[in-house]
Structure formats: C-alpha cells, structure tokens
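Examining the three-dimensional arrangement
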Amino acid sequence: MEATISWLTTLIPQLPVPTARLIVYVVYSAILAFAAPVVLVVAYTYMERKVLARLQDRIGPNRAGPLGILQGLADAVKMLTKEDITPAKADRIVFNLAPMLAVVAAVLVFAVLPVAPGVIGTDLKVGILYVVAIGGLGELAALMAGWSSNNKFALIGAFRTVAQLVSYEIPIVLAIITVVLASGSMQLGAIVAAQDVPFLFTLPVAFLIFFVASIAEIGRCPFDLLEAESEIVAGFHTEYSGMKFAMFFIGEYMHLFSAAGIATALFLGGWRGPGAGEASILGVLLGFVYFLAKTTLLVFVMMWVRGTLFRIRIDHLLDFGWKFLVPVALFLLVAVAFVLKVPVLNSPTFRWLGMLAANGVVILVSLALVVLAARHSRSAALRGVAGVDG
Amino acid sequence: MGIPLYWWLAVAAALFCLGLYGALSRKNAIGVLLGIELMLNAVNINLVVFWRYITPQALTGQIFAMFVIGIAAAEAAAGLAIIIAAYRQRDTVVVDELDMMHW
Amino acid sequence: MLTNQMVQILVFVILTIMTLGGGLGVVSSRNLFHSALFLVLSLVGVVGYYALLDAGFLAVVQLLIYVGAIAVLILFAIMLSRGLMARRQHQRNEQWWIAALVVLLVFVVLLVVLGQVDWPVADEQALLSPNVSVGQLGQVLLGPYMIPFEVISVLLLAALVGAIILARET
Amino acid sequence: MGFFFNLTPFVPLFPLLAFAVIILFTHRNNRLSSNIAIGGITLSTVIAWGIVAATIAGGERTRTEGWQLSIPWLPAGTSVLDIGLAVDGLSAAMLFMVPFVCLMIFIYSQGYMNLGKANQDPRYARFFAYMSLFAAGMLGLVVARDLLFAFISWEVMGLCSYLLIGFWSFRNRNTEDHIDEAQVDRAKKAGLKAFITTGIGDVLLLAGIALLYSYTGTLTFRELFQPETLAALQQQTLLGMPAVTVIALLIFGGAVGKSAQFPLHVWLPDAMEGPTPVSALIHAATMVAAGVYLVARTMPLFIAGFDYTSAPALYWVAIIGAITVLLGATIGLAQDDIKRVLAYSTISQLGYRMMGLGLGGVVVGIVHLLTHAFFKALLFLGAGSVIHGMEHGHHAMSHHAPGDLAESREDESFNANDMKQMGGLRHRMPRTVWPYLFGTLALVGLAPFAGFWSKDEILGEAFVGWQHTLAIDHHLLVWLAGTVGVFLTALYMGRQLALVFWGRPRHQAAAQAHESPNSRTVPLMILAGFALVGGFANAPFLGSPLHHFMADIHQASHLVNVAATEFNFVVAGMSTILAVTGLLAGWLLYRNYQAGQVEPFKRYLGPVFTVLERKYYIDEFYQLAIVQPVVWLADQVFNFDYRWVIDPFVNLVAAIGRWAADISGVFDSVAIDTFLVEGVARAFNAAGRWLRYTQTGRVQNYLLVVVVTVLMLVGLYLYL
C-alpha cells in the first residue's frame, strides 16, 4: 500500500502525502468491498456446483459458456433483476440495514487477512482478536433480519443462528488461543512468520477444532440448520428476495473465503512456500498463489464435507459444541501451555514434537472418553429394554 | 494529540447525561439497562482519555476500563436475567409496575 | 490541505455524531429494538474513540464484548419478551421532564466543573509516545492487578451462575 | 524450624478450605463433611504448633521481629493497600491455644450433633462448615499483620456467630427432637442480638481504624508502633484528647462488643441458644478472645501518653473490666440454667482480662485468656455432656418409667438445662464429673490449677502497683474488684457443683441420666489435663517463661509494662482463702436443696436476688431506653406520614376541592364551569400524588432523588 502511495506521489508531484493516502485507501477499499466479493462469489458458486455435481455423479452446469463457466454470472443477473419485496408489516429501516451489515461484517475481516508477503490491509497487533470481534457483527445482522421480518420462522431462525454462532465461537477462540500461545503473537503477520513448521502438523487437534467450528460458524452442512427447510423455511432470511437476498448470499460466500483464509493463515502457514518472499515481485505473486491454493483446498474440503455428511439435529449440534469441542479445546489449551513452559523443550524441534505429543494425548483421551460414554449409554439403553421385557 | 482534552471530557459528560436521562425516564426495564450501559461507556471514555492525556506511560486507565467492561458484562447478564424472571412472574417489564418494594 | 490534526478532528466529529446521536436514539426511540440498535451504533462510535486514542486492544475488546456479547444479549432479551416490546407504548414515565431538567443541570455543572479544573496533562514527548504494548497490559493484569483480576473473574462467574438460576424456568 | 513460618498462611487457610469444600461439594455427605472440618483444623493445629516451636527455637529476635508476609491487596493510584500475615510471640502464644481448643470442640461436636444416629441434626454438614469458617476467622485475626486483615477476620467471626447462635432457628421440626416454636424464636432473636450488639462495637472499631489510617497512612501494627508514629499521634488533638486516645477508645469499643464487656455484654448469655459446642467455641477459643487479643495487640496505642484526665484510655479499660467482673459474677449467682451460669462466668472472667490489660499488662491478660480458654471450653463441653445426659434420661424415662412416676411423663416443665432439676449426677456420670471438677477448681483459682496462676498474676500486679503509689487509682480498683470477684466466683461455682452433681436427683430425668460416649468424654479429659497443668506455663517459680516469651514484642515501643510480677503471698493467700470460703459456702447452702424449696440465696438476699436474677434489668433497660424509643420514633414518622399530617392534608385538600366543586356546581350548574372545577380538582389530585411521590417504591424516583441530591452536594461543594 505504501508502495502505491509513493508511486502516486511520484506520478503527480503536487499531491500531498495525506491526500494521496486517502485516495489510495478509498480505491483499495472499493476494490476490496465491491470487486473482490463479486469475483469470489461467482467463482465459488461455480466451483461448489461443479464439485457437488461430481460427488453426486452428475455433470453440473454446462449450458452457459464453455463448461458452464458463465453460470454464476447468469445467476447473478437473475438475482439482481428479481423483484425486491419488503413485507408490509416489516420494520423497514432495520429490514434494509440487515443485509448490508451482513456483507460489511464479511468484508471487514479481509482487512487483516495476509494474502501475500507484505500484502495485508492493516497488520493489527491484535489482528486475530479483531477477527473474532467482527464475528459479532454477523450475529447482529442475523438478529436484525430475524426481528424486522415480522415473521415467526424468521425470528426462530435468528434465535437458532445466534445460539449456534455464540456456542461455536468459544471453541474457535480457544483454538486460536493455542495458536497465539505457540506463536507468541496476536498479529496475523507474525503468526504466519512463526510457522516454520505449519501449525497443522504441530497442533492438529487445534486445527480440527477450528475447522469444524468454522464450518458451524459459516453455517454450512452438516451444521446448516438455519436452512432446514422442513423446520424453519429458510431461517432468518425467509422474507428476503432479490438484491437483498443476494447480499446475504454474497456475505455467506465471502465468509466462507475469509474463514478458510484465516485457517490458512493460522494453521497452513499462510502464503509461505518455496520461493515465496517479500524480496521480489515474483516472490510476492508466488506467495499469493500459495495462499489462494491453500485456501481453495480448504474450501474444497468444506464442499466435500457438504456432499458427504447429513445435517445434524439442533440439540445434537449444541451438545457437540458445548460438551465435546469446548472441553477438548480447554484441555488442549492447558496441555499446550504446559508443554511450552517445560524448560527441557527449549529447542524449536523439541517444542514442535512436544506440542504434537500433547495433541496426541488430548485427542486419544477425549476419544477414549467418548467411546466409554457411548458404550455406557448404549448398555444403559439395552438394560432399559431388558427391564421392560422382564 | 490534536484534540483538546476538554472536548473529550465534554463528549463523555454528554454521553453520561444521555445515559442518566435514559435510566431515569424509560418506562421499560431494558431501556433503563441501556441507559446504564451508556453511562458505563461514558466513564470508560474518561478512563481511557485520562490514560492517554495524563499518564500515557502507566497502563492504569486501560486496566480500569477493562475492569469496567467486565463489570458491565456481569451487570448485563444479571440484569437481563432479573428482567426475564420478573417478566415471567409479573408479565410486565415496566419499571413503574415492578414496585414490590412499595411500602 | 489535509493535515494530520485536521484528519483527527474530522474523525472525532464523525465519531461524536455517531456516539451522541446513537445515545440520543437510545433514550428517545419508541421502539425498544431500535433503541438497542442505536446503542450498538453508539458503542461502535466508542470503539472509534478508543482507536483514535491509540488504545487498539481496548477498541477490539469493546467491539468483542459490547457489540458481540452485551448488545446481542440485550437484543435476545428484547426478542424473548417480544409480546410486550412490539406494542408501541409510551416509553417515557411521568417524571421524564423533571429528569430531563435535572440531567441538563447535571450536564451544565459537569461542563463548568470540568472547565475549571487544571488538568495535569503530560508533556509533549510523553503524549507522542504512549505505552500501547499489549504484552505489558497482560503483564500488569496478571502482576500487580492479579487480585482484582481474579475478583472480576469470580464476579463474572457469580453473575453467570446467578443469571442462570434467575432465568431458569422452574 | 524456620520453615514453619512460611506455612503461616495455611493456618487460617485450611479451615477456610474446609468451609468452602463442605459448602460447595460435600454437604450431602455428613460424615465426610465433619471429617474434612476436623482434618482442616488438625492440619492447622499441626502447623500452628510447628510455628510455636519455631518461635521458641528462634530466640528473642524471632519473637520480637517475628516473621511477616505482605500481599498487595489493591493498588489504587499512588498508594497500595496491603494485607499481610505476621507471627510474633503474642500470636504464637495464641496459636498454641486456638486451633487446639477448636480441634477438641470439633471432635466433641461430632458426637454432640449425633453423627450417624437417627436424631442426627438435619443441617449437620452445614454446622461443621460454619464452625470451620469461625475457626478460620479467629486464626486469621491471630496471624494478622495489620488492622485491615484483622478487621476482615473480625467480621467473618461476627457473621459466623450470627449463623451459629441462630443455628437452631431453622431446625427441622420433623425430627424427633422436642423442639418448640418458642425455642426457634429465641434462637433467631439471640443470633440477631449477638450480631447487632457486636455490630455496635464493630462500627466503633471501623471508625477507629479509619481515623488511624487518616492520621498515619498505614495500618500495619509494626509501623504503627514505631515511637515516632505514636509520638506524632499524641501531638494531634481530637475532641480535647490526644488523637491516639480517641483511637484507642474506639478500638476498645470494638473489643467491648466482641468480648462482651459492660455495657454490651447482653448478647453473650443469650448466645447459648446455639448448640453447646458453639458456646464453647465462642466462650473459650474465638469470639470473646478476639476482643482481648485485639486490645493486647494494640496496647501501645492505649499506653501512649497515658494519664487519668487527658488521655484516659487505659483507665477506662480497667474500669470497664472491673464493672464487668462484678456484674458477671453477681448475676451468675442467681441463674438456674447451667450454661447461663457459665456464660456469666465468662463475662466476669473477661472482665479480669480487661483489668489485666488496663494495668498495661499485656502478658497477664493473655495468659489468663489462654488458661481460661482451656478450662472454660472444658466446663462448657462438660455442661453439654450433662445436658445430653439429662435429655437421655428424659427420653429413657418416657419409655420405661416406674408406675409411681407415670404422671411426670407428660411433665411439660422439664428443662434439660435447669440445674434445679438435676442433682446427684456424680453417680450417674462418673466420667464427666471429674473433668468438670477440675475445670471448676481452675476457674475458681485454687493452686495448682491453671486459673490460680493467671488470676493471681493480675491481682498481684494490681496490688504491687498500688503499693507503689498508695493512691486511690485503678490499681486499687482492680485489686478490690478482683478479690471480691474471686469470692463471688467460688460462691456460684460451689452452688453449681452442689446443685448439679451433689444432693439427690430432683427430677426423674436426673435419676435416669447416663454417661456420654467417648467422643465427648475424651476431649473433656484432655482439656482437664490442660486445666490442671496449664498454669505452670507461666508459674513464677519456673521463672514466668511465657512472660519472657511474649514480653519482647512490645519492648520496641518502650512503653508497655513487661516486667514479670513477683509472686505475692499476701494476694495469693487472700484469694485462696476467699475461694475456699466461697466454694464451701456454696456447697453447704445448696447441698441439701430440695425440689420446690425457696433457694437459700433468695432467702438471705431477698429483693437483691430478684435484681440479680433479672440481670440488673439491663435488657429491660435497653428495651426501654433504646429499642422502644426507636420503635416509637418509627411509629411517629409513620403517623406523621399517614395519620396526622401528610395524608390528612392530602385528604383535606381533596375535600376542599370537592367542596369547592360542589359549591360551584350549585352556584353555577352550567356545563362550562365543570371544566374549571375539574381542572382545580385535578390540580389538587396532582398535588396529592406529588406529595406521595416520596413513597412510590419506584426505583427511578429514588434514583432521581439521588441525582438531585448529588447535584446539590456538588453545588454546595463548589460555591461554599
């Protein structure tokens, strides 16, 4: 960004630096807020439809353009030209504000995403905390949409959504804290820099918790309860149509990208890879390619999950969050903190190995407990049946 | 810093007074709670401003502001629980009607 | 031309409009849901204040706790007692005008008093380089302020348990 | 050895942990709960004794300077409020006694609350939790380094006394206990009375602490007792006295409340409404000892610049002590309830300690505190054993009573605490009577029992002090009051022994009473051993070892009287003769007392006895002079509001309005006028509502009033 500013000031010598900065900020934000979402959404919807189709042994979109590549564009045009309905008894202002807030919440996360070496909106010292804080705005948008629609399904949908988001925020934060502990910083740039070995390999359990909870945060299958048509029609955006629905849709896909991007930065080493670096323009571009590749890989896994697993029940969903993910994440946090304080493990390699071992222990113990509990409840159920018989 | 200290204090005072007015004049218990949140925030602004302008090296102001945020969270949780409980029992959240302490 | 100070003042004015306007909305709006949304606006303004005051960590914490937690909690509570909230009833009690007068008086007195005090503002050098280290904040929080910190934690826990007990349907 | 000092925080912490664990986790399991409580206090005892040993081994330096630890409590701006722990000779002496006596009482309670039996107390676990907290409070006070921590512990004790004295106000009436509404009510009132009465003292103490902090900026004992600090405090004047004297008197006020000195002694006798172990705990190891300990701890404040007129702090301590000695002992003569006699005896013995402190003798006061703790705990636990025996007898009687006593089965007048219904119990309870006798002899002060040494040291010190000056001063007062007190003590204890253990059973229950189980008698025997030999710890012919042990602490301030008193045969002889006479007189008069007879004392003393029986009418006086005026005032305010002024005024105004409306209606019945009339009526109505606004019960009104008040205060502050 500074490079752009200096380029601009050399181009027009009369331009004072603050003004140049302002111009650059505005232009960059415009790109970030308008261009990126559209491109992302079009690309990912196309990808999703193709991947799902292949998983289900179909071909997928194949009419618009070669290989159906223009399908996303066609969808967008259809969506934007649809009639924009506002229910008569809706709370008009709030109703219109909610979708904007949803998009804004998704866009704001991009500000701290390290997409390539040295390319980051602003490398906040408390960057990862900022990401979590912005998550709250998404809940707000859902609540506003649910309330203002003046529709029972929308209201209940909003309740469900917020309950789900709030519940899964906790394991996410706990998993993030383990990463912060291991890297010693909340700055996303520093976290990326700390991953000589990606945390995926040293903290696999934290990654799993983060990834699973992220899927729940985005509200994708198997946690897509807000879209359980048979129960609550379409959740908090039941009453939305046309452009406003499109905005929720865009927000969702941007959220998908930013969640995968954050996971990449936290666990997959961000833009790091052979040849990537800040030194040359080639290194920067290479870093961007690595980042995009890793992120898309994660997005692909999410689509794969969607194509494979079935939706789970709301109480199971909450139970899974509170009774499994939260305790496991807590134990993991304690174990990692402990390992990091053991003075014997002062060389990086030993520390990595120690963390890996701690992860292994935590996952083994928790799985053992789950198996025991399942066996216990099953035998209790069997005894109940036997009791009825006897 | 480009902004005079007095401006900050005046803004915080104004926010505090708005909150106070809300706490005094709202009929609805949740409205009263909103007013109290505003007052707490006004206090927090003051704490941070004093940190920034008077003792920028010591972190006391920020720490205190964090404590106030913590207290506010506790207050919101307990206050809303009380309001919900009162709503269940008395079917109202109008403060004037919640006068069990009357005489 | 734009100088640094002018930018700061511009930002300050915008944030003040947000904060005080939001606050005004909180206390004057007839619909409680709108009130709560105005509260969010006001609180976001305060977030901006913190950022302007170089208290970045606090700004994020404010966003996280106030907007992400408290505001959502309040909206939840409003939605739970929706039957009452949706009615467009009078939101002011009978004493509102006395309250308004008194509060105005309080405001005037505060302004006068604040203006009279000779604030011991730190010197230029110190103002230019505030201590914004998040690490030190953590050190202090778990060092000299250990006991208050623990007390706050216990208080939060107690509030949590108390809230559950109070709000649980028996 | 020194390593034990580092364990000091655990001394109060273990009982506190026990409290927390019982309340939070184990309160459903009674046996586990009481074992946790006992385990906690046992660990405390072990550590405390380790600390005592370390203090002895540490030599003079340890005893004087001790060990201390400070924790920053609240950093507020520039100053930091610390709390901390410290150990020196004085604390160590208390640490020897407090946890051990508590341990004995805990063990005893396990039996007393009927662990594992059908009639086990329904709030058994809770009882042990409260007891643990109580012990934690006292231990915290003992190891406090500063007044802040001491005050916190002090208030913890106040809370526990309330909870424990009123323990049976929640008693489950479904159990087999013969419990009636009146008793529940009494327990409730007694708890409240103790809390409020000691609360008066606590307010004074808090005021004293606040004053002290405002003058010196520190609350740490060691810093306060620096000669420079004390001198500075002496220079300031407050209310025509040196500030230090005012502060000392305020602190003494706190001690008067906690240690049940005249005129705040009224709560202590009522405190026996609680379970007997509680009485033992309050009377021996904790509550009442706290006041004495605090005065001893802050003695330099009392002594600083002492004289009779301008700085009379010590003088008042001695006077209050003397009044309390005589008051307690004389009331004790006329009580029938076995525990009540002991309660007044405690008051009287507390007076001794205060007198000792009033002479500036920290050591004599504390030594008497220690010895008294052992034998008074013994007496109370013994009384508990007797009462339990009586209750058992009553129970047994109703199951297999002989035919000729069948009518007494429905005997409603039975009271297990009433000495007049006992008699001859020495045959029925052979293992209780001997420890009880030991305790009595120790209390009366016969050589070589514990009470002899400690009491005669106080008297001896007074006597020697008087001989020094030959003036009519507090030395003479203490000596006279103390000597008369010895005789009175012997008299009422003689009466009690004769009524309880000698003579013939005066109630069927007494004839059927039987001995208590081991869990109750073994602590009695251990305590009896201490009652026998405890006094030797400071016996003059052994060189007054405790004296040297504790005396060093206040030497730094060069103000406190620390010289060991020589053994004085005149004093000792005189009090021994009086004690023997008193015991014999009590025994002879009551040996052959029969049920239904007029008491010998009543025969001889006549109306005086009635005054004593009614405790000098002090409770009635308080009722008349304090409680009733307050109630009266409240009534008047109520009347002012609703009957006399405000409501009638409102009604009158409304009536006038209505009358005016009627007149205008008659005068001009055209509809236009109704507008005006209604307007007037509405105005008056609004005025009426306005006048009632002070009592709306609406939070926001009150809040508004608060804001207005604050505004006015700020205005006053700014423009005055």
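Residues numbered from 1 in each chain as written. Chains lettered and ligands numbered in written order. Predicted model: local features only at pLDDT ≥ 70, side-chain atom pairs only at ≥ 80, totals over all residues. Heavy atoms only, no water.

Description of the overall build of chain D
- Looking only at helices and strands, chain D has 30 helices and four strands in total.
- Residue burial in chain D is summarised as follows: out of 720 residues, 56% are buried.
- Relative to all contacts within chain D whose residues are 6 or more apart in sequence, the contacts with residues 24 or more apart total 79%.
- Of the roughly 29500 Å² of accessible surface on chain D, a fraction of 67% belongs to carbon and sulfur atoms. (Helix = DSSP H or I, 4+ residues; strand = E, 2+ residues; numbered from the N terminus. Buried < 20%, exposed > 50% of the residue type's maximum accessible area, 1.4 Å probe, protein only. Contact = heavy atoms within 4.5 Å. Areas by Shrake-Rupley, 256 points an atom, 1.4 Å probe, with all protein chains shown as cover.)

Observations concerning the interface of chain B and chain C
- On the chain C side, the residues contacting the 69 residues of chain B number 84 residues.
- Here chain B and chain C share an interface that buries about 7200 Å² over both sides, 76% of which is from carbon and sulfur atoms.
- Of all residues in chain B, Y21, R26 and L34 of chain B bury the most surface against chain C, accounting for 10% of the area lost on that side.
- In this assembly, chain B and chain C are joined by one salt bridge. (Buried area = accessible area lost by both parts, 1.4 Å probe. Salt bridge = Lys/Arg side-chain N within 4 Å of Asp/Glu carboxyl O.)

Some details on a nonpolar patch on the surface
Residue and element names in this part refer to chain D.
- On the surface, L159, Y162, L192, F195, I196 and I200 cluster together into a nonpolar patch covering about 520 Å² of accessible area.
- At the level of elements, helix 5 (147–165) and helix 6 (181–216) are the ones that each hand at least two residues to the nonpolar patch.
- It is helix 6 that provides the largest number of residues to the nonpolar patch, a total of four residues.
- Structurally, I200 is set in helix 6. (Patch = residues over 30% accessible without salt bridge, like charges linked within 9 Å, V, L, I, M, F, W, Y side chains within 5 Å.)

Quick notes on helix 6 of chain D
- For helix 6 of chain D, built from 36 residues, the straight-helix expectation of 52 Å at 1.5 Å per residue is met to within 8% by its first-to-last C-alpha distance of 52 Å.
- Along helix 6 of chain D, the helix axis deviates most sharply at I200 of chain D, where the bend reaches about 25°. (Expected span 1.5 Å × (residues − 1). Bend = angle between axes of the 7 residues up to and from the residue.)

Focus: the packing of aromatic side chains
Residue and element names in this part refer to chain D.
- This model, assessed by the stated rule, comprises 41 aromatic pairs over all chains.
- With a centroid separation of 4.7 Å and 10° between ring planes, the pair formed by F374 and F530 is classed as stacked. With F374 in helix 16 (residues 362–399) and F530 in helix 22 (residues 518–533), this residue pair connects regions lying 156 residues apart in the sequence.
- By way of ring pairs, the aromatic residues F106, Y124, F127, F128, Y130 and F167 are connected into one cluster.
- Directly above the ring of F167 sits R123, whose terminal nitrogen or CZ lies 4.7 Å from the centroid.
- Between R297 and the ring centre of F221, over which it is positioned, the NZ or CZ distance is 5.6 Å. (Phe/Tyr/Trp six-rings, centres within 6.5 Å; stacked < 30°, edge-to-face > 60°. Lys NZ or Arg CZ within 6 Å of the ring centre and 35° of its normal.)

As for the nonpolar core
Residue and element names in this part refer to chain D.
- One finds M94, W267 and L301 to be the most contacted residues of the largest nonpolar core, which totals 199 residues.
- The greatest single-element share of this core, amounting to 19 residues, is contributed by helix 16.
- Ignoring any residue separated from it by four or fewer positions in sequence, one finds M94 in contact with P99, M138, V142, A289, Y293, I366, L369 and L370. (Core = buried A, V, L, I, M, F, W, Y, C linked by side-chain atoms within 4.5 Å.)

So, the confidence of the model for chain D
Residue and element names in this part refer to chain D.
- For chain D, per-residue confidence averages 79 on the pLDDT scale, and residues scoring 70 or more make up 86% of the total.
- Mean pLDDT across the secondary structure elements of chain D bottoms out at helix 23 (residues 545–551), with 67, and peaks at helix 4 (residues 124–142), with 90.
- Ignoring residues within four places in sequence, the model shows residues 401–410, a span with pLDDT below 50, making eight contacts including any to other chains.
- The ipTM for the predicted assembly is 0.68, set against a pTM of 0.56. (pLDDT = per-residue confidence, 0-100.)

A closer look at the packing of helix 18 (residues 430–444) of chain D against helix 19 (residues 450–469) of chain D
All names here are of chain D.
- Here helix 18 crosses helix 19 at 15°, and the two axes come no closer than 6 Å. With respect to helix 19, the axis of helix 18 lies roughly parallel. Considering how the two elements wind past one another, helix 18 and helix 19 form a crossing that is right-handed. Contact residues: A442, L443 and V444 in helix 18; A450, G451, F452 and K455 in helix 19.
- Each residue belonging to the contact of helix 18 with helix 19 can be placed in one class, and the counts come to five nonpolar, one polar and one charged. (Axes fitted to C-alpha atoms, helices over the stretch in contact; angles between N-to-C directions. Parallel < 35°, antiparallel > 145°, perpendicular 65-115°, else oblique. Left-handed = near helix turned anticlockwise from the far one by under 90°. Nonpolar A, V, L, I, M, F, W, Y, C, P; charged D, E, K, R; others polar.)

Looking at empty space enclosed by the protein
All names here are of chain A.
- All chains considered together, the criterion is met by five cavities of 30 Å³ or more.
- Empty space within the largest cavity amounts to approximately 660 Å³.
- Together, 34 residues line the largest cavity, and G135, L165, E217, I218 and H255 are the ones closest to its centre.
- Ranked by residue count, the leading element in the lining of the largest cavity is helix 5 (residues 127–148), at eight residues.
- A breakdown of the residues in the lining of the largest cavity according to their chemical character gives 20 nonpolar, ten polar and four charged. (1 Å grid on protein atoms, 1.4 Å probe; cavity = no way out; pocket = protein on both sides within 12 Å on 5 of 7 lines; lining within 4 Å. Points joined across faces, edges and corners; volume = space filled by probe spheres on them.)

Remarks on helix 15 (residues 338–358) of chain D
All names here are of chain D.
- Its 21 residues place the ends of helix 15 30 Å apart at the C-alpha level, agreeing with the 30 Å of an ideal helix rising 1.5 Å per residue.
- For helix 15, the buried fraction is high: 21 of the 21 residues fall into the buried class.
- The residue sitting at the N-terminus of helix 15 and contributing the capping side-chain oxygen is D337; that oxygen lies 2.9 Å from the backbone nitrogen of K339.
- Just downstream of helix 15, G360 is the residue with a positive phi angle, here 85°. (Polar contact = N/O pair within 3.5 Å; in protein donor to acceptor, adjacent residues only side chain to side chain.)

Regarding the environment of A373 of chain D
Residues and elements named next belong to chain D.
- Among the secondary structure elements, A373 is positioned in helix 16.
- For A373, a relative accessible area of 0% corresponds to the buried category.
- Sequence-wise, A373 and V101 are 272 residues apart; in three dimensions their C-alpha atoms are separated by 7.5 Å.

A short note on the pattern of salt bridges
- If you walk through the whole model with that rule in mind, you get 13 salt bridges over all chains.
- Between R272 of chain A and D196 of chain A there is a salt bridge; the shortest N-O distance is 2.9 Å. Of this pair, R272 of chain A sits in the loop between helix 11 (242–267) and helix 12 (281–308) while D196 of chain A sits in the loop between helix 7 (188–193) and helix 8 (199–202), placing them 76 residues apart in sequence.
- By relative accessible area, R272 of chain A is classed as partly exposed at 26%.
- Overall, the relative accessible area of 58% leaves D196 of chain A in the exposed class.
- For K189 of chain D, the salt bridge is made with D185 of chain D, and the minimal N-O distance between the two is 3.6 Å. Of the two residues, K189 of chain D and D185 of chain D both sit in helix 6, four residues apart, roughly one turn of that helix.
- Look at K189 of chain D and you get exposed, because its relative accessible area is 55%.
- Taken together, the shared-partner salt bridges in this structure form one network comprising K193, D270 and R340 of chain D.

Remarks on unusual backbone geometry
- Residue P263 of chain D is bonded to the preceding F262 of chain D through a cis peptide linkage, with omega at 5°.
- Note on placement: P263 of chain D falls in the loop between helix 9 (243–258) and helix 10 (267–270).
- We note that D57 of chain A has phi near 65°; this positive angle belongs to a residue other than glycine.
- On the secondary structure map, D57 of chain A appears in the loop between helix 2 (17–55) and helix 3 (71–81).
- The backbone of A260 of chain D shows a phi angle near 55°, a positive value even though the residue is not glycine.
- Mapped onto the elements of the fold, A260 of chain D is located in the loop between helix 9 and helix 10.
- Its relative accessible area of 0% is what places A260 of chain D among the buried residues.

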